[in-house]
Amino acid sequence: QVQLVESGGGLVQAGGSLRLSCTASGRTFSNYGMGWFRQAPGKEREFVASISWRGGSSTLYADSVKGRFTISRDNAKNTMYLQMNSLKPEDTAVYYCATSRILRALTALANFDSWGQGTQVTVSS
């Protein structure tokens, strides 16, 4: 089992930026595909972005964040990132990182089996 810890959330005004980090421990980080999901109050958890085990251009994004968010990973640091620019109030949610035993980038929540505790992102209008 891999342990995941998210950080970097906070309160930001619309149009601002935040960078989330997800640090992993317990297993070999580069053996996993990884992803970011979010859950707003009263809504289901939804896919945000994912990245394959080797990173680079092997990424997928939800249409709602494409062009504004960038996912990346540094396997030497056991850390994944989500750079969020041009934030909107509708981006407000708890953001979770997750790992998948499938190495490529994925979108379906069911393919991810280890989750962090989440970090709150609040965007004010």
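Predicted model only: the values in this text are computed from it and were never measured. (Residues numbered from 1 in each chain as written. Predicted model: local features only at pLDDT ≥ 70, side-chain atom pairs only at ≥ 80, totals over all residues. Heavy atoms only, no water.)

**Here we look at the overall build of the chain**
Step number 1: Along its length, the chain carries 0 helices and 11 strands.
Step number 2: Taken from the N to the C terminus, the helices and strands of the chain come in the order β-β-β-β-β-β-β-β-β-β-β.
Step number 3: Over its C-alpha atoms the chain spans a radius of gyration of 13 Å, differing by no more than 12% from the 14 Å that the globule rule assigns to 125 residues.
Step number 4: For the chain, buried positions account for 45% of its 125 residues.
Step number 5: Across the chain, the fraction of contacts at a sequence separation of at least 24, relative to all contacts at a separation of at least 6, is 59%.
Step number 6: Working note: accessible area of the chain is about 6200 Å², and carbon and sulfur atoms make up 47% of it.
Step number 7: When the 13 basic and 8 acidic side-chain charges of the chain are each reduced to a single mean position, those positions are 6 Å apart. (Helix = DSSP H or I, 4+ residues; strand = E, 2+ residues; numbered from the N terminus. Rg over C-alpha atoms; globule rule 2.2 N^0.38 Å. Buried < 20%, exposed > 50% of the residue type's maximum accessible area, 1.4 Å probe, protein only. Contact = heavy atoms within 4.5 Å. Areas by Shrake-Rupley, 256 points an atom, 1.4 Å probe, with all protein chains shown as cover. Lys, Arg positive; Asp, Glu negative; His and termini not counted. Charge placed at Lys NZ, Arg CZ, Asp CG, Glu CD.)

**Things to note about the pairing of strand β1 (residues 3–7)**
Step number 1: Taking every second residue as pointing to the same face, the buried face of β1 carries L4 and E6, while none of Q3, V5 and S7 on the other face is buried.
Step number 2: Two elements, β1 and strand β3 (residues 18–25), share 5 bridges in a ladder whose sense is antiparallel. In the strand pairing of β3, S7 is matched with S21. (Pairing = 2+ DSSP bridges.)

**Let's talk about the nonpolar core**
Most often, soluble globular proteins keep nonpolar side chains buried together rather than apart.
Step number 1: Residues W36, V48, F69, M80, L82, M84 and Y95 are the most contacted members of the largest nonpolar core, which totals 32 residues.
Step number 2: Elements with a minimum of two residues in this core: β3, β4 (33–39), β5 (46–51), β7 (69–74), β8 (79–84), β9 (93–100) and β11 (119–124).
Step number 3: Apart from the residues lying within four places of it in its own chain, the contact partners of L82 are L18, R19, L20, W36, V48, A49, F69, T70, I71 and Y95. (Core = buried A, V, L, I, M, F, W, Y, C linked by side-chain atoms within 4.5 Å.)

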